[in-house]
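A closer look at the structure
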Amino acid sequence: MDLHPGEEIIFKGRPSWRSTLGFYLGGLVLAAGAGAIVGLAKDSTWGTLVGIVVFVLVLVVGFLRRHGTQYLLTNERLEIRRGLLARHVQETRLDRVQNVNTNQSIAERVLRIGTVDFDTAGSGDSDFAFGGVAHPERVVADVDRAQRAAAQAPVPAPPDDAQI
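Quick look at the structure, then. Everything quoted here is computed from the prediction, not taken from an experiment. (Residues numbered from 1 in each chain as written. Predicted model: local features only at pLDDT ≥ 70, side-chain atom pairs only at ≥ 80, totals over all residues. Heavy atoms only, no water.)

**Thoughts on the sheet that holds strand β1 (residues 9-13)**
Within the open sheet, the four strands sit side by side as β1-β2-β3-β4. Their pairing is antiparallel. Unpaired on one side and paired on the other, β1 and β4 (88-93) mark the two borders of the sheet. Taken pair by pair, the neighbouring strands of this sheet meet at an average axis angle of 10°, ignoring direction. Relative to strand β2 (residues 69-74), β1 is paired through four bridges, and the arrangement is antiparallel. Bridging across to β2, Phe 11 finds its partner in Leu 73. (Pairing = 2+ DSSP bridges. Helix = DSSP H or I, 4+ residues; strand = E, 2+ residues; numbered from the N terminus. Axes fitted to C-alpha atoms, helices over the stretch in contact; angles between N-to-C directions.)

**Brief notes about helix α4 (residues 136-152)**
Helix length check: α4 (17 residues) gives 25 Å between terminal C-alpha atoms against 24 Å at 1.5 Å per residue, within 8%. Here α4 has its buried residues at Pro 136, Val 139, Asp 142, Val 143 and Ala 146. Buried residues of α4, seen end-on, are gathered within an arc of 115° and therefore sit on one face of the element. Pointing more than 90 degrees away from the buried face of α4 are the exposed residues Arg 138, Arg 145, Arg 148, Ala 151 and Gln 152. Along its buried surface, α4 packs onto β1, β2, β5 (97-103), β6 (113-120) and β7 (129-134). (Expected span 1.5 Å × (residues − 1). Buried < 20%, exposed > 50% of the residue type's maximum accessible area, 1.4 Å probe, protein only. Arc of directions from axis to C-beta. Contact = heavy atoms within 4.5 Å.)

**Considerations on the pattern of salt bridges**
Tallied over the full model, the rule gives six salt bridges. Across the salt bridge formed by Asp 95 and Arg 93, the nearest N and O atoms sit 3.2 Å from each other. When its relative accessible area of 60% is taken as the criterion, Asp 95 is described as exposed. A relative accessible area of 47% means that Arg 93 is categorised as partly exposed. (Salt bridge = Lys/Arg side-chain N within 4 Å of Asp/Glu carboxyl O.)

**Concerning the nonpolar core**
Counting residues in each nonpolar core, the largest one holds 15 residues, and the members touching the most others are Leu 78, Leu 94, Phe 118 and Phe 130. Secondary-structure elements contributing two or more residues to this core are β2, β3 (77-82), β6, β7 and α4. In terms of residues, this core owes the most to one element, α4, which gives three residues. Once residues within four sequence positions are removed from consideration, Phe 118 is found in contact with Leu 78, Val 97, Asn 99, Val 100, Phe 128, Ala 129, Phe 130 and Val 143. (Core = buried A, V, L, I, M, F, W, Y, C linked by side-chain atoms within 4.5 Å.)

This is the structure in structure tokens:
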């Protein structure tokens, strides 16, 4: 991201590794099931090999999904980047953010992760959220501080040639 003059990064992050634990546990069950099926149909060596290969694939996919998502909060804007090869970027100005909410399930509270959901003015994009971030309450506090600082910043005077 190219920063504007005077723009500063307040928060830069990715979904926490803890947010992918459910994906990895599901992959472990899948790998064990695939290994058991192949082991019963062929032999236990092939079953073990298939189970290991499937779980390694699950680990790689989880890693790429997590590292393919980046969240950025500056004193002027919010940005979400998704994808490694193909890219999807969502961006909004910080002054358009009206409400900031956090959502955490019981498991997410235990893992200290959650989703920070941003409601923006006049936006039809209802899925503007930092999902799976560690300590979501800190992100909310960072947004609040940035909005307060922007509200207290002096408004620049118009140039002299703009007189009526």
